[in-house]
Amino acid sequence: MSKILVTGGAGFIGSNFVRLMLARGEHQIVNLDALTYAGNLENLGDVESDPNYAFVRADISDRKAVEGVFESHKPDCVVHFAAESHVDRSVLDATAFVTTNVLGTQVLLDVSRGVGVSRFVHVSTDEVYGSLGPTGLFTEESPLQPNSPYSASKTGSDLLVRAAFHTHKFPALITRCSNNYGPFQFPEKLIPLMIANALEGKPLPVYGDGKNVRDWIYVEDHCDAIARVLEKGRDGEVYNIGGNEERENIWVVKKILELLGKSEDLIQYVTDRPGHDRRYAIDGSKIERELGWKPKHDFASGLEATVQWYLDNREWWERVRSGAYRDYYERQYGNR
Ligand code: NAD
Ligand code: TDX
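Residues numbered from 1 in each chain as written. Chains lettered and ligands numbered in written order. Predicted model: local features only at pLDDT ≥ 70, side-chain atom pairs only at ≥ 80, totals over all residues. Heavy atoms only, no water.

## Here's the deal with the overall build of the protein chain
A tally of regular secondary structure across the protein chain gives 12 helices and 12 strands. Relative to the compact-globule value of 20 Å for 336 residues, the protein chain shows a C-alpha radius of gyration of 19 Å, a close match. Along the first, second and third principal axes, the C-alpha set of the protein chain runs to 55 × 45 × 35 Å. Sorting the 336 residues of the protein chain into buried and exposed places 55% on the buried side. (Helix = DSSP H or I, 4+ residues; strand = E, 2+ residues; numbered from the N terminus. Rg over C-alpha atoms; globule rule 2.2 N^0.38 Å. Buried < 20%, exposed > 50% of the residue type's maximum accessible area, 1.4 Å probe, protein only.)

Structural data, given as structure tokens:
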């Protein structure tokens, strides 16, 4: 049974990945997470006593701490999710994005290479490719043209991973995925924010004209694709992962209101996000051709399941929405 060090396992996608891998019963998991505002151990409450699971609180930019975790847990491979992940926060202050996403990734690469892990999967994003016009898809060969401090910091980390492979023959791979949705997503991101606001009868803040397009993928599909890349991917390669489900934001918001039986009067158009990327869309043909992977969930059923999850887990998101989240919320939306 191999041991996977998962960074950022207390966040949205990381916690879904940890649960999926434990359920498969083939791996031991060490979850290394700093528990920032986005890290929530409640996301893994159902697996915390699993004998194949261990949690360690550490910051990936703290070299000594990371070395300590590798020394005591001796992982065979690494799946790297830990990041500052919210574009709007990076617009307000990019500092933590550079420290965690760029410096933290280099620390992990150095320590992982030092102990000789057999594989390192770096979880990245389609946002590194920038913005598309009304047609076309991002391929793995599309130029890297990030537009936000968040995506610029993720691009920086992608290039450091690429360099570790080319310079040191370090067995690293990169995945670039489109917008995820599903259980345990922090309610600052579009879908959970709109669900929670609608349930509380608050306005639903739609940026700009609401016609920006995202390609939505159910989080479980993304996690399954990462597992496939970990098992079967080729060192040094990049794999795009998409859902083939492009939608305008306003379509998504109206669909959520329909599923909840709430009025469209709650929609409030607000000032656009600065530098807002217009459209993302993924060409996922490489991962399908080379690794035989494609998404299983369609957006209609995935969104319905997600809305139901937030209805069933109101206590989870209400706890998340109290405390630190509220301060940020006031800064982001308080003046609108
Ligand atoms: P998230 O914000 O929900 O979780 C991030 C996790 O990383 C949290 O548990 C947090 O505590 C941890 N973390 C942050 N800084 C850390 C540090 N310095 N040291 C250790 N842990 C730290 O993010 P998410 O949405 O689950 O995204 C996970 C990864 O997937 C990110 O790398 C993100 O760029 C990438 N990604 C996300 C999406 C998406 O739609 N959410 C799409 C494509 C790629
Ligand atoms: O209040 C809002 N109103 C709104 O109109 C918010 C929070 C978002 N939006 C719009 C902006 C985007 O066009 O909805 C779209 C989705 O926004 P986010 O949920 O913030 O996601 P996005 O900026 O597309 O980035 C996401 O996908 C790629 C993740 O947050 C990143 O971590 C991932 O890399």
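## Quick look at the pattern of salt bridges
Taken as a whole, this structure holds 21 salt bridges when the rule is applied. Between glutamate 200 and lysine 202 there is a salt bridge whose closest N-O contact spans 2.9 Å. Residue class for glutamate 200 comes out partly exposed when judged on its relative accessible area of 30%. Linked through salt bridges whose partners overlap, the residues forming this network are Arg234, Glu237, Lys286 and Glu290. (Salt bridge = Lys/Arg side-chain N within 4 Å of Asp/Glu carboxyl O.)

## Some details on the nonpolar core
Across soluble globular proteins, nonpolar side chains have a tendency to be buried as a group. Counting residues in each nonpolar core, the largest one holds 33 residues, and the members touching the most others are Ile4, Phe17, Ile29, Val79, Phe81 and Ile287. Among the secondary structure elements, those contributing two or more residues to this core are strand S1 (2-7), helix H1 (12-24), strand S4 (77-80), strand S5 (119-125), strand S6 (172-177), helix H7 (219-232), strand S10 (238-241) and helix H9 (285-291). Residues in contact with isoleucine 4, not counting those within four places in the same chain, are Met21, His27, Gln28, Ile29, Val30, Cys77, Val79 and Leu230. Core analysis: the next-biggest nonpolar cluster, separate from the first, contains 30 residues, Leu193, Ala198, Trp316 and Trp317 among them. (Core = buried A, V, L, I, M, F, W, Y, C linked by side-chain atoms within 4.5 Å. Contact = heavy atoms within 4.5 Å.)

## Looking at empty space enclosed by the protein
In this structure the tally under the stated criterion is 1 cavity of 30 Å³ or more. Empty space within the largest cavity amounts to approximately 60 Å³. Around the largest cavity sit Val87, Glu127, Ser148, Arg214, Arg273, Pro274, Gly275, His276, Asp277 and Tyr280, which together line it. Classifying every residue of the lining of the largest cavity by side-chain character gives 3 nonpolar, 3 polar and 4 charged. (1 Å grid on protein atoms, 1.4 Å probe; cavity = no way out; pocket = protein on both sides within 12 Å on 5 of 7 lines; lining within 4 Å. Points joined across faces, edges and corners; volume = space filled by probe spheres on them. Nonpolar A, V, L, I, M, F, W, Y, C, P; charged D, E, K, R; others polar.)

## With respect to the sheet that holds strand S9 (residues 213-218)
Across the sheet, 3 strands lie side by side as S7-S9-S11; this open sheet has mixed pairing. Whereas interior strands pair on both sides, the edge strands pair on one side only; in this sheet they are strand S7 (179-181) and strand S11 (246-248). Going from strand to strand, the sheet's axes swing by 50° on average, the running direction of each strand aside. In the sheet, S7 pairs with S9 via 3 bridges, with the strands oriented parallel. Considered in S9, the bridge of tyrosine 181 is made with tyrosine 218. (Pairing = 2+ DSSP bridges. Axes fitted to C-alpha atoms, helices over the stretch in contact; angles between N-to-C directions.)

## Thoughts on the site of ligand 1
In the region of ligand 1, 28 residues are neighbours, and Ile13, Asp33, Ser85, Tyr150 and Lys154 sit closest. Alanine 34 is positioned such that a nitrogen or oxygen atom in its backbone is 3.1 Å from a nitrogen atom of ligand 1. One of the backbone nitrogen or oxygen atoms of valine 123 is found 3.5 Å away from an oxygen atom of ligand 1. Contact with the protein chains hides 97% of the accessible area of ligand 1, taken as 840 Å² for the molecule alone. Those elements that provide at least two residues to the shell around ligand 1 are H1, S5, helix H5 (149-168) and S7. Per element, the largest residue contribution to the shell around ligand 1 is 3 residues, and it comes from S5. Looking at the shell around ligand 1 residue by residue, the class counts come to 14 nonpolar, 11 polar and 3 charged. (Near = heavy atom within 4 Å. Polar contact = N/O pair within 3.5 Å; in protein donor to acceptor, adjacent residues only side chain to side chain. Areas by Shrake-Rupley, 256 points an atom, 1.4 Å probe, with all protein chains shown as cover.)

## Points about the sheet that holds strand S3 (residues 53-57)
Spatial ordering of the open sheet is given by S3-S2-S1-S4-S5-S6-S10, a layout of 7 strands whose pairing is parallel. Every other strand in the sheet has two partners, leaving S3 and S10 as the edge strands with one partner each. Ignoring strand direction, the axes of neighbouring strands in this sheet form an average angle of 20°. Two elements, S4 and S5, share 4 bridges in a ladder whose sense is parallel. Along S5, the bridge assignment pairs valine 78 with phenylalanine 120. Contacting S1, strand S2 (27-33), S3 and S4, H1 crosses the sheet at an angle of about 165° to S2.

## Quick word on the layout of surface pockets
For the second largest pocket, the calculated volume is near 300 Å³. Lining the second largest pocket are 17 residues, and of these Glu140, Arg162, Arg176, Gly236 and Val238 sit closest to its centre. When residues of the lining of the second largest pocket are traced back to their parent elements, those giving at least two are H5 and S6. Per-element accounting of the lining of the second largest pocket gives the leading share, 6 residues, to H5. Split into classes, the residues belonging to the lining of the second largest pocket amount to 7 nonpolar, 3 polar and 7 charged.

## Digging into the environment of proline 171
Tracing the sequence through the fold places proline 171 in the loop between H5 and S6. Its relative accessible area of 15% is what places proline 171 among the buried residues. A sequence separation of 34 residues divides proline 171 from leucine 137, and the C-alpha atoms of the two residues are 28 Å apart. If we ignore the near neighbours within four places in the chain, the residues touching proline 171 are Val117, Ser118, Arg119, Phe120 and Asp235.

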